[in-house]
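# Architecture at a glance
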Amino acid sequence: MQADARLERGSRVLTPQSAPSLESDPELGPDPEEDARARAKFAALHGPALRASGVPERYWGRLLHKLEHEVFDAGEMFGIMQVEEVEEDEGEDEAARELRKKPNPGGELCYKVIVTNENGLQAADPNSIFLIDHAWTCRMAHARQQLQQVPGLLHRMANLMGIEFHGELPSAEAVDLVLEEMWKFNQTYQLAHGTAEEKVPVWYVMDEFGSRIQHADVPSFATAPFFYVPQRVAYTLLWPLRDLDTGEEVTRDFAYGEADPLIRRCVLLPWAPADLQDLSSSTPEPPDEHYQAILEENKEKLPVAINPAVYPCDHVFKVYTDIRQVLSHLTHPRFTFTQSEADADILYNFSHFKDYRRLSRERPSVLLNQFPCENLLTVKDCLASVARRAAGPEGPAWLPRTFNLRTELPQFVSYFQQRERRGEDNHWICKPWNLARSLDTHITKSLHSIIRHRESSPKVVSKYIESPVLFLREDVGRVKFDIRYIVLLRSVKPLTLFVYDVFWLRFSNRPFALNDLDDYEKHFTVMNYDPELVLKQMHYDEFVPEFEKQYPEFPWKSVQAAIFQAFTELFQVACARPPPLGFCDYPSSRAMYAIDLMLKWDSRPDGKRVMQPQLLEVNFNPDCERACRCYPAFFNDVFSTLYLDEPDSCPVTRLV
C-alpha cells in the first residue's frame, strides 16, 4: 500500500450497491471447481491474517467476491442517522456519559449508524461482511504535507471530523485542527514485510460511513483492517457479532482487546475525558518475571558455565563476519578472514545469536561480538527499566523520564495530567522499542496522540528535552545536536568497559524552537539516510574548541567527565544482577555499542546552571561507515581492545 494520501471511493458505501449478486443470480455464478480453487487460493494467502483478526470462515467466500468485484453493499443494510443528545441517566459513570453525549467525536453534529434493512441482519448469513473504504491513508511523517497539498483532502477531513473550514486554500489553523482531531478517527496497521521504512505503521481514516460507527463496551460489530494483496489495497472489514433487528445501532469497541478496566479507561480518553491524577505516577522497576518473559519471548538460550578461552600471544584469529565494514577495514595482521563459521575463532555477526547454550557446549572457545541479555540496554523499554536501578522509580538524572506505553500507560496519563495542571512543559517524544534512525518517532504535546500511538507498535514515551544545549551553526543559527560515543564491553565479571576517544556529532538543519513539532530538520539530527537533506559534518577535534568558545564556562573535559560517569553507572547496574535480570557473564563474549546522547540545561540546588547528559539510546552493531571513512584504523582499534587485550596502543579510555 502506498504511503501517499489517496482520496478513495469515499461515501459510495452510503448508497445501495447496484452490482448484481452472484448468489442471487445463478446464471452469473462461476464454475464450481474454479470457484473452489479461487477460494482455496484466497484462504492460503489471506487465511492467517483473517484468523488473526477473528473473521469467521463462513464469511470468507463472500468476502472474496466483494473484494474481487469491489462490492460496497453496506448501503443496502445500514444508514447514518443524525441524533440529538438525550437526558442523562443518573446510573451512568462519567466515561459512559461522555461517550453518549458525543457519539460523533470531534464536532457538534452527532451521528450513529443503524440497521435499516427491513429484515434486519443475521450473523449466520455468509453475506454479512462488509467492506469499508479508507478516506485517507498516510504515514504520520507525511500527514501535514498531504493536508496542504492533496486537492480536497483537508476539506473532506474537516467535514468528516466536524471542523468548520472556510475558504479554498488550506489554512495553517485548519490543518492543525485536523492533525489534532484525527486521533479520534485514526486507525492503524503495519506491513509485515519490506524495508524498515515500509514497516513504519500506516494510519488511515475510514470513510464517512465507517467513521460514524460509535463505541460500545459490548459492541454489536467487529472491525479489522485487511490488506488485499492482489490489488494492494487496504480496507476495513465489518461483520456482526450477533443478529440485529431493524433500527439497532452498529457499534464497535474502540478499546478492543483491552480487558483491564483501568487500561480501557486510559485507552478511551480521546473520546471520554477522565481525570486520573489521583493515580500514582511512580514507575518502579518491573518484577523479575518481566525479564524472564522477555528472555523466553526472544527465544534466547543462556550458555552453560565455561572457562575463558586461552590463545597463544601470537595467535592469528580467524574471523567470520557478515559485516561489510569489518571485511573492508579490519587489516590488523593478527586477524584473518574465513568464509567458514566452523573454522572461525571469532564470530562477528550482524544479527543476534540465540542459542548460546549450544554454542557454549560445542564451541566454548569461539569468541563473539555480543552478550546474552544485552537487549536489556539495546531495547528502549528495557533500557528505561534497568536504568531505574541507579536512582529509583523516577530514573536517573542522565535519562529522560520514560514510560513503557504497554505496561505503564496509567502512570504516564497521571503524570501528564499532573504536569498539565501545574503548567509544566508537556512535550513528549514517542519512540518504538526497537527501531533506529528516528523511524516512527513522533514529538507531540497531545495526550490523545500518545495514547493512540500505543496501538501501532510497542512504544515508549520519553520527556522531550525542551531546553537542549544548542550549537551555533554559522550557516543556520542555534540548532540541536547529539553525540555518539562508541563503548567497548570486554567483560561483565569483572566489569571491563572502554570508550573510544573519538566521538561523532549530528546536527539539526534548522534553528531549534518548541514549535512545528513535525518539522524533521528542526527537531531531529539523523540526516545521513536521506539524500535530499543537508548533512552537516564536523570532526570532534573541530567541535571541542568551537563548543568551548560558545560556552567558555563549560570546559569540554568536565562535560565529558559527566558523560563518562553516566556510561559507567549504566553498565554497572546492567551487569550487577544475574541473567536474565542483567547481562550474562559469558567469558567468550565481547561487544561494541553506540550510545547516543544530548546535553540539556539543568539547575543545581544552589541555582547554578549545569549541562546534564541525557542518554537517548544504546545501539548494537551500529553503522560505522563514518567512523571507517574518517578513521581507517577504527576496527583495528576495536578488535585490538576486545580480542587482543591491547588497549594501550589504541585511542580508548578505560571507564571501569
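Residues numbered from 1 in each chain as written. Predicted model: local features only at pLDDT ≥ 70, side-chain atom pairs only at ≥ 80, totals over all residues. Heavy atoms only, no water.

### Topic: the nonpolar core
Quick note on the threshold: Nonpolar cores were defined as sets of buried Ala, Val, Leu, Ile, Met, Phe, Trp, Tyr and Cys residues, with membership established by side-chain atoms within 4.5 Å. Between buried and exposed lies partly exposed: a residue is buried under 20% and exposed over 50% of the maximum accessible area for its type, with that area taken using a 1.4 Å probe on protein chains only. Here a helix means four or more residues in a row that DSSP labels H or I, a strand means two or more in a row labelled E, and each is numbered from the N terminus. Contacts: residue pairs with any heavy atoms within 4.5 Å of one another.
Core analysis: the largest hydrophobic core is formed by 67 residues, its most contacted members being Phe543, Trp556 and Phe567. Among the elements that make up this core, the one with the highest residue count is helix 18 (residues 556–575) (11 residues). Sequence-distant contacts of Trp556, defined by excluding residues within four places in its chain, comprise Ile483, Tyr485, Phe503, Phe543, Val544, Phe547, Glu548, Ile563 and Leu599.

### A look at the pattern of salt bridges
Here is the rule: A side-chain nitrogen of Lys or Arg and a carboxyl oxygen of Asp or Glu constitute a salt bridge if their distance falls within 4 Å.
With the rule as written, the count across this model stands at 36 salt bridges. Among the salt bridges present, the one from Glu57 reaches Arg51, with a minimum N-O distance of 3.6 Å. Across this residue pair, the class does not change: Glu57 and Arg51 are exposed. Glu408 is the partner of Arg388 in a salt bridge, and the nearest nitrogen-oxygen pair spans 2.8 Å. Here Glu408 lies in the loop between strand 15 (402–404) and helix 14 (409–422) and Arg388 lies in the loop between helix 13 (380–387) and strand 15, a separation of 20 residues in the sequence. Three or more residues joined by partner-sharing salt bridges are found here, namely Glu285, Asp288, Arg389 and Arg577.

### A few points about the confidence of the model for the chain
The following threshold applies: pLDDT is a per-residue confidence score from the predictor, ranging from 0 to 100.
Taken over all residues, the pLDDT of the chain has a mean of 91, while the share at 70 or more is 92%. In this model residues 1–28 is a low-confidence stretch, pLDDT under 50, and it forms 78 contacts with partners more than four residues away in sequence or in other chains. Across residues 101–107 the pLDDT falls below 50, and counting only partners more than four positions away or on other chains, this stretch makes 26 contacts in the model.

### Some thoughts on empty space enclosed by the protein
The condition that has to hold: With a 1 Å grid laid over protein atoms only, a set of points is called a cavity when a 1.4 Å probe fits there but cannot get out and a pocket when it is open yet has protein on both sides within 12 Å along at least five of seven lines; lining residues have an atom within 4 Å of a point. Grid points are joined across faces, edges and corners, and a volume is the space filled by probe spheres set on the points. In this classification, the charged set is Asp, Glu, Lys and Arg, the nonpolar set is Ala, Val, Leu, Ile, Met, Phe, Trp, Tyr, Cys and Pro, and all remaining amino acids, among them Gly, are polar.
On inspection of all chains with the given rule, the structure shows four cavities of 30 Å³ or more. Estimated volume of the largest cavity: approximately 80 Å³. Contributing to the lining of the largest cavity are Lys380, Leu383, Ala384, Leu399, Pro400, Thr402, Lys431, Val460, Ser462, Leu615 and Leu616. Listing elements by their share of the lining of the largest cavity, those giving two or more residues are helix 13, strand 18 (459–463) and strand 25 (609–620). Considering every element that reaches the lining of the largest cavity, the biggest residue donor is helix 13, with three residues. Its residues assigned to classes, the lining of the largest cavity shows seven nonpolar, two polar and two charged.

### Regarding the packing of helix 5 (residues 153–161) against helix 6 (residues 172–181)
Worth spelling out the cut-off: To obtain each axis, a line is fitted to C-alpha atoms, and for helices this fit is confined to the stretch in contact; angles are then taken between N-to-C directions over 0 to 180 degrees. Our angle categories are set so that under 35 degrees counts as roughly parallel, over 145 as roughly antiparallel, 65 to 115 as roughly perpendicular, and the remainder as oblique. Helix crossings get a hand from a simple test, with the near helix turned counterclockwise from the far one by less than a right angle marking a left-handed crossing and a clockwise turn marking a right-handed one.
Across the interface, helix 5 lies against helix 6 with an axial gap of 10 Å and an inter-helix angle of 50°. The angle between helix 5 and helix 6 falls in the class oblique. Seen from above, helix 5 lies across helix 6 with left-handed handedness. Counting all contacts with helix 5, which are made through Leu154, Met157, Ala158 and Met161, the residues of helix 6 involved are Ala174, Val175, Val178 and Glu181. Broken down by class, the residue content of the contact of helix 5 with helix 6 amounts to seven nonpolar, no polar and one charged.

### What to know about the packing of aromatic side chains
Quick reminder of the rule: The pairing test for Phe, Tyr and Trp rings, Trp by its six-membered ring, is centres within 6.5 Å, and the orientation test on the planes gives stacked under 30 degrees, edge-to-face over 60, and tilted for anything in between.
Under the definition given, this model contains 51 aromatic pairs. Between Tyr348 and Phe635, the aromatic rings sit 6.5 Å apart at their centres with planes inclined by 90°, giving edge-to-face as the arrangement. With Tyr348 in strand 13 (residues 346–348) and Phe635 in helix 20 (residues 634–643), this pair connects stretches of sequence that are 287 residues apart. Each ring, one from Tyr485 and one from Phe567, has its centre 5.6 Å from the other, and the planes form 75°; the classification is edge-to-face. In this pair, Tyr485 is assigned in strand 21 (residues 481–491) and Phe567 in helix 18, connecting sequence segments 82 residues apart. Phe567 sits in the buried class, given a relative accessible area of 0%.

### Comments concerning the side chain of Arg388
Here Arg388 falls in the buried class, since its relative accessible area comes to 7%. Discounting residues that sit within four places of it in the chain, Arg388 has contacts with Thr283, Pro284, Glu285, Pro286, Pro393, Gly395, Pro396, Thr402 and Glu408.

### Re the environment of Ser340
Tracing the sequence through the fold places Ser340 in the loop between strand 12 (335–337) and strand 13. Ser340 gets classed as partly exposed once you look at its relative accessible area, which sits at 24%. Each C-alpha atom of the pair Ser340 and Lys318 lies 9.4 Å from the other, and the pair is 22 residues apart in sequence.

### A look at helix 2 (residues 60–69)
Of all 10 residues in helix 2, eight are buried, a share of seventy percent or more. What helix 2 keeps buried is the set Trp60, Gly61, Arg62, Leu63, Leu64, His65, Lys66 and Leu67. Of the residues flanking the end of helix 2, it is Glu70, one or two places downstream, whose phi is positive at about 50°.

### Quick word on the packing of helix 1 (residues 32–53) against helix 2
Running from N to C, helix 1 and helix 2 cross one another at 105°; their axes reach a closest spacing of 10 Å. On the basis of the axis angle, helix 1 is roughly perpendicular to helix 2. Of the residues in helix 2, those touching helix 1 at Ala38, Arg39, Phe42, Ala43, Gly47, Leu50 and Arg51 are Trp60, Gly61, Leu63, Leu64 and Leu67. Across the contact of helix 1 with helix 2, the residue classes break down as eight nonpolar, two polar and two charged.

### Considerations on the pairing of strand 25
The test is simple: Two strands qualify as a pair provided DSSP detects at least 2 bridges between them.
In terms of burial, strand 25 is a largely internal element, 10 of the 12 residues being buried. Linking strand 24 (residues 591–603) to strand 25, which pair antiparallel, is a turn of five residues; within it Gly607 sits at a positive phi near 90°.

### Section: the pairing of strand 5 (residues 186–189)
Residues Asn186 and Thr188 of strand 5 are buried on one face, and the alternating residues Gln187 and Tyr189, pointing to the opposite face, are buried as well. Pairing between strand 5 and strand 6 (residues 202–206): four bridges, direction antiparallel. In the strand pairing of strand 6, Gln187 is matched with Tyr204.

### What to know about the sheet that holds strand 16 (residues 428–432)
Within the open sheet, the four strands sit side by side as 15-18-16-17. Their pairing is antiparallel. The strands lining the two open edges of the sheet, one partner per strand, are strand 15 and strand 17 (442–444). The sheet shows a mean angle of 25° between the axes of neighbouring strands, taken without regard to direction. Across three bridges, the pairing between strand 16 and strand 17 is antiparallel. Paired with Ile429 across the two strands is Ile443, which belongs to strand 17.

### A few points about the sheet that holds strand 4 (residues 134–138)
Taken together, the three strands give an open sheet; going across it, the order is 4-6-5, and neighbouring strands pair in antiparallel fashion. Of all strands in the sheet, those with a lone pairing partner are strand 4 and strand 5, marking the two edges. Strand after strand, the sheet turns through a mean of 30° between neighbouring axes, direction not considered. Direction of pairing for strand 4 relative to strand 6: antiparallel, over a ladder of four bridges. In the strand pairing of strand 6, Thr137 is matched with Tyr204. Strand contacts of helix 5: strand 4 and strand 6, with the helix running at about 120° to strand 4, the strand carrying the most contacts.

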